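If you want the building blocks of each chain, they are given just below.
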Amino acid sequence: MLFGDVVGSMKLAATLDPERLQEIMHALFNKSAAIVQRYGGTVDKFTGDGLMALFGAPVALEDHALRACIAGLEIQEATAELADEVRRRDGIELKMRVGLNSGEVIAGEIGRGPGRYTAVGHPVGMAQRMESGARPGAVLCAESTARLVDGIVELGPAQYIDVKGQSEQVRGHEVVAIALDQAIVGRDEGPMLGRAAELEKLLEVFASGDAAIVGVVGEPGVGKSRLIREVASRAAEVDADAVIARCDAHTTNVPLWALTRLLRAMFAVGRQEPSAARAQVIDRLPASIGMESDEANILFELLGISESDTTRVELSLDARRRRLIDTLTAATQFRPLPTLFILEDVHWIDAASEATLAEFAANLSATRSTLLVSYRPEYRGPLREHRDVSITLAPLPDRVTAEITTGLTGNDASLSGIVELIAGSAAGNPFFVEEMVRDLVDRGVLVGSRGGYRRESDIDKIAVPTTVQTVLAARIDRLPPQAKSALNAASVIGSTFDLDVVRALLPNTDRADLADLVSVELVDQIEFLPRPRYCFRHPLVRKVAYETQLTATRATTHRRLADAIQEVNPAAIEDNAALIGTHLEAAGDFEAAHSWHMRAAKRLETRDMVAARTSWERARRIADRLSEDYPGVLAMRAAPRAMLAWTDWLVGADPDADTCHQELRALTAQSGDVLSLAMGIAGRMTALCTNYGKPGEAVASAADLTNMVDDIDADAMLKVDLLFTVMWAQFLVCDYAALFQTAERIRAIAGTGVNSSVARATAVCGVSRIVTGDTEHGQRELRLGIEQARQTDAVTFAAVMSLKCALAPVGLEPPDAATLADAREALRRAEAVGDNFATACALWACGSMLLRLDGGSTDTGVEYLKSARDIITKHRTVVVALAPIEADLAILTARLGDRDDAIETMRTVIGRQLTNFDVTFMGVTIPVLIQLLVDRGRPDDLAEATVMVQGMETQAAQLNLRAMTFCAAFCKTVIAETDSAKSAAMSEYREAAERVGARGDILLLRPV
Ligand SMILES: Nc1ncnc2c1ncn2[C@@H]1O[C@H](COP(=O)(O)OP(=O)(O)OP(=O)(O)O)[C@@H](O)[C@H]1O
Ligand SMILES: [Mg+2]
């Protein structure tokens, strides 16, 4: 029950002349009545200066209370619009009060005309009281209504109203806003037919709580979303909660779009003020995650509700990602019920969301919650690959299609032939059926109302289109021009759109135009006030509306939209950069689109590498589409490629990296852009060394890159970074002579400056001197490098400590407690920033120290080494450490009795080292295999060991590696069979140790 009344009507009547007064009142009531009607209400009567409307009678509407709230707010909005005009023309204030109440009313037909239904009874009186208690311009609802709309409508605090003639006050609440990003006024849908088995299966899967990812696959319009809506509405039956979001056709290249939608749904972030939204998010997180925590801030950033002046969270990319996933998992566990996360249309998901969600879903098995995704058959990706259950929706059988058709048309005798015609063409696609029926109604072939149509024209003259697209195109074509333009503009915006934004594109658009679209069921309204928002009823409607426009019109709309996005929300321009880029791209404005994608990547670079790379990738594609003679095209093509190559090692598995690199070479050869080329080469070299364990391949570019650094116009520290890449590859292939030259250049360029590369270069240089026998000098330099690294950052410190600790396994340095303490500090710091590379380095350093140090805990050491190995294999980083880690673990495996296994492992490891020319740690791996073989002592074992040592000696001589000569000498003491051979080998070994300055021991399989 809704009651509306004009404030101070007596005064109005006294001031205005009667004609004008009537004009205003008519306008007001016409508008109000239209609103009431739009929401399925009935205007019960006009009372001179007020109106009374009923929702739920005579037609029972389940969501009557909600509809009344929406209508109340919209009436106030319409009044405010009218009041502007009245103020200008008549200099007088026009305001309304609206009151709402819910309850049983007696509605009967009394009298005739507009006031045909008249409600009487106590609830009517209560609505009137609410009206009289309302603030002018506001909507006040009684407790009974508030209860029905709780959680959907934003209500103000309780207010107490005096009731005439009663001592007791009554409670009311002001209706503030209705803004949840979901369909809240029910669709007028027929029953779902023919999918009972699929529905049962899904509910069963969720009830079991066993499946992490469930997929629903099917052609467009076959009924995926319908099935999912049904499942969601029945989630409560299996004691679950549903959280729903969807991907959008035009945001496949907008990084993190889909994830953000799902998170907004999960935390019910709508249009609240950011501070309110933050409080709400915190409320839905376990108490351990406070407002100031990194975890909360990472979430706020993603949701776009961070406090604008907070500094960015200082965490490594790996840590951000891990914490996000852990936070989401914790938030899921914290929810009162297991959750059914629903992500629709993942054939349109963006890469960064896909990667994060796949990882998150892997955690869901522990929570009884499930991720349900829907997609069309063409989708390939991790969310499909890793699904535990999948449901394929086939076209519906003819019988069911016919039943759906009859459900829509009814079965009036005049319809014979028509139902068959529709069902026959639809080929089991229910959406096609619905659209054909709507089309026939639009064309006047069918008259009547849903479920009760009659045929009006000759059956032979009825043409049925062959595809659902043609039906839609015809229906759209028949719209009134304003509504059609609005629909077309909306299709450019996306699957959901705000009235505001449509107006920014088409200033003359009226709410009524959109109401037209709603009434012909092309769009649904999903939010009402303060900002109306709509969505396309079906993705195909949007697609057809989009594709049937003139290309030029569409391009103009995209361009205007790119501007509108900036104007509507200037604070979020950076967040929207990729979206703006996407629209400019569609507008054909490639140069601007390119620069927006580059801008998006720049922002994402410190937040999510997969996301940043999506944007560079997009920029690259755009530049490639430009003609060869477009001004500046070479630079536009090179810039994103350089960044993709430069950051490749951070993701570590881009299958496209090689091609990208080749293209970059070709482009920069043409343009002479040496800096981009140098960054590209350096990035490629780092990836080859760090992720692929192929330093031999990397070092092939060393000379090229070194020469380029001279020609680059870049800051000294960037040059140092580039040169350190060279140095590192040289180190890994043991080309010390070249390495010392590179070190010289680094020192010359850096001067007194210190950055991560300088610290690493100092340490690498020190280690190289130690390995080549210049022990004291080397140790001094290494100590300096460690101190520089300690001051630099966690990643550098861990990297340098792992170098220092790697001297122990080759026997060059004895393990010591101070080094272990430093390694532990490195581990602490690495874990604090959460970087995978640094953590793997530090775990390796600590683990190998613990195994070798007297009184060190072997168990902890093994645990560390295994953790390091897991990180390395999972994230493909610090691959160089894999060989020495495997070697240490093999020794322990053998000590525990599984020698054969250890031998097999070491053979594989050494084979890989040889193939990739990954010689750095052969001095660790070969002595281990040889000890294992000799220990087993089969004749061919000894032969194998002997051959291997000979090979090692040859290589040591070729590379002039004293450290390796020393390791070979150690191996010979192991192989020597007789006592005299043993003592000869021993003295050779001691000499070698002397020459190289070795002060430690190689880890013995059987310690004596
Ligand atoms: N089993 C059914 N019984 C009755 N109507 C159905 C059934 N399945 C779907 N429909 C109707 O058909 C229309 C299209 O279905 P739906 O939107 O679920 O398709 P979809 O598979 O999600 O398509 P898309 O891939 O384009 O998103 C909807 O309006 C829906 O109400
Ligand atoms: Mg769908």
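Here, the structure is the one placed above.
Here's what I pulled together on the structure shown here. Treat the numbers as computed from the prediction; the structure is a model and nothing was measured.

Rules and cut-offs
Residues numbered from 1 in each chain as written. Chains lettered and ligands numbered in written order. Predicted model: local features only at pLDDT ≥ 70, side-chain atom pairs only at ≥ 80, totals over all residues. Heavy atoms only, no water. Near = heavy atom within 4 Å. Polar contact = N/O pair within 3.5 Å; in protein donor to acceptor, adjacent residues only side chain to side chain. Areas by Shrake-Rupley, 256 points an atom, 1.4 Å probe, with all protein chains shown as cover. Disulfide = S-S within 2.5 Å. Buried < 20%, exposed > 50% of the residue type's maximum accessible area, 1.4 Å probe, protein only. Helix = DSSP H or I, 4+ residues; strand = E, 2+ residues; numbered from the N terminus. Expected span 1.5 Å × (residues − 1). Contact = heavy atoms within 4.5 Å. Pairing = 2+ DSSP bridges. Axes fitted to C-alpha atoms, helices over the stretch in contact; angles between N-to-C directions. Parallel < 35°, antiparallel > 145°, perpendicular 65-115°, else oblique. Left-handed = near helix turned anticlockwise from the far one by under 90°. Nonpolar A, V, L, I, M, F, W, Y, C, P; charged D, E, K, R; others polar.

## Notes on the site of ligand 1
Every one of the 22 residues lining ligand 1 counts as a neighbour, but Leu193, Lys224, Ser225, Arg226 and Glu434 are closest to it. Interatomic distance of 2.7 Å between a backbone N/O atom of leucine 193 and a nitrogen atom of ligand 1. At a separation of 3.1 Å, an oxygen atom of ligand 1 approaches a polar side-chain atom of histidine 538. In isolation ligand 1 has 630 Å² of accessible area, and contact with the protein removes 98% of it.

## Description of the state of the cysteines
Taken as a whole and assessed by the stated rule, the structure comprises zero disulfides. With no disulfide of its own, cysteine 535 lies closest to cysteine 247 among cysteine sulfurs, the gap being 15 Å. What makes cysteine 535 buried here is its relative accessible area of 14%.

## Some remarks on helix α26 (residues 633-646)
The end-to-end C-alpha separation of α26 is 20 Å, in line with the 20 Å expected for 14 residues at 1.5 Å each. The buried count for α26 comes to 11 of 14 residues, which makes it a mostly enclosed element. Residues of α26 that are buried include every one of Val633, Leu634, Met636, Arg637, Ala638, Pro640, Arg641, Ala642, Met643, Leu644 and Ala645, and no others. Tucked inside the fold, the buried residues of α26 contact α24 (590-604), α25 (609-625), α27 (648-651), α28 (657-671) and α29 (674-690).

## A short note on the pairing of strand β9 (residues 170-177)
A regular strand places its side chains on the two faces of the sheet in alternate fashion. In terms of burial, β9 is largely enclosed, as six of its eight residues are buried. Summarising the sheet, strand β7 (residues 139-142) and β9 pair through three bridges and their orientation is antiparallel. Pairing of alanine 142 across the sheet is with glycine 172, part of β9. Pairing analysis gives six bridges linking strand β8 (residues 154-161) to β9, with the strands arranged antiparallel. Paired with tyrosine 160 across the bridge in β9 is arginine 171.

## Things to note about the sheet that holds strand β18 (residues 523-527)
Read from one edge to the other, the open sheet built from three strands follows the order β17-β19-β18, with strand pairing classed as antiparallel. Both edges of this open sheet fall to β17 (496-498) and β18, since each of them pairs with a single strand only. Across the sheet, the mean angle from the axis of one strand to that of its neighbour is 30 degrees, orientation sign disregarded. Strands β17, β18 and β19 (533-536) of the sheet are contacted by helix α20 (residues 511-519), whose axis makes an angle of about 120 degrees with β18.

## What to know about the environment of arginine 284
Relative to the helices and strands, arginine 284 is located in the loop between α9 (274-283) and α10 (294-303). For arginine 284, a relative accessible area of 35% puts it in the partly exposed group. Sequence spacing of arginine 284 and threonine 332 is 48 residues, and the spatial spacing of their C-alpha atoms is 9.1 Å. The contact partners of arginine 284, leaving out residues within four places of it in the chain, are Met266, Phe267, Ala268, Ala331 and Phe334.

## A look at the packing of α25 against α26
α26 packs onto α25 with a crossing angle of 155 degrees between their chain directions and a minimal axis gap of 9 Å. Regarding the angle of α25 to α26, the classification is roughly antiparallel. Considering how the two elements wind past one another, α25 and α26 form a crossing that is left-handed. Contact residues: Arg613, Trp616, Glu617, Ala619, Arg620, Ala623 and Asp624 in α25; Val633, Met636, Arg637, Pro640, Arg641, Met643 and Leu644 in α26. Classifying every residue of the contact of α25 with α26 by side-chain character gives eight nonpolar, no polar and six charged.

## Observations concerning the sheet that holds strand β4 (residues 96-100)
Within the open sheet, the seven strands sit side by side as β2-β3-β1-β4-β7-β9-β8. Their pairing is mixed. Among the strands making up the open sheet, the edge pair consists of β2 (42-46) and β8. Along the sheet, successive strands turn relative to each other by an average axial angle of 25 degrees, direction set aside. Bridging between β4 and β7 involves three bridges; their strand directions are parallel. By the bridge assignment for β7, valine 98 is matched with valine 139. Across the sheet, helix α3 (residues 64-90) is in contact with β1 (2-6), β4, β7 and β9; its angle to β4 comes to roughly 180 degrees.

## Observations regarding the pairing of strand β15 (residues 446-449)
Taken together, the four bridges between β15 and strand β16 (residues 452-455) define a ladder with antiparallel strand orientation. Each residue of the ladder has a partner; that of valine 447, found in β16, is arginine 454. The antiparallel hairpin formed by β15 and β16 contains two residues in its connecting segment, where glycine 451 sits at a positive phi of about 80 degrees.

## Focus: helix α18 (residues 481-493)
With 13 residues, α18 should reach 18 Å at 1.5 Å per residue; the first-to-last C-alpha distance of 19 Å fits that figure. Looking at α18, one finds that the buried residues are Ala483, Ala486, Leu487, Asn488, Ala489, Ala490, Ser491, Val492 and Ile493. The positive-phi residue at the C-terminal boundary of α18 is glycine 494, with phi of around 145 degrees.

## Thoughts on unusual backbone geometry
Look at aspartate 239: it is not a glycine, yet its phi comes out positive at around 55 degrees. Tracing the chain through its elements places aspartate 239 in the loop between α7 (224-233) and β11 (241-246). For valine 878, which is not a glycine, the phi torsion comes out positive at approximately 45 degrees. Within the element layout of this structure, valine 878 appears in the loop between α39 (858-875) and α40 (882-895). For valine 878, a relative accessible area of 5% corresponds to the buried category.

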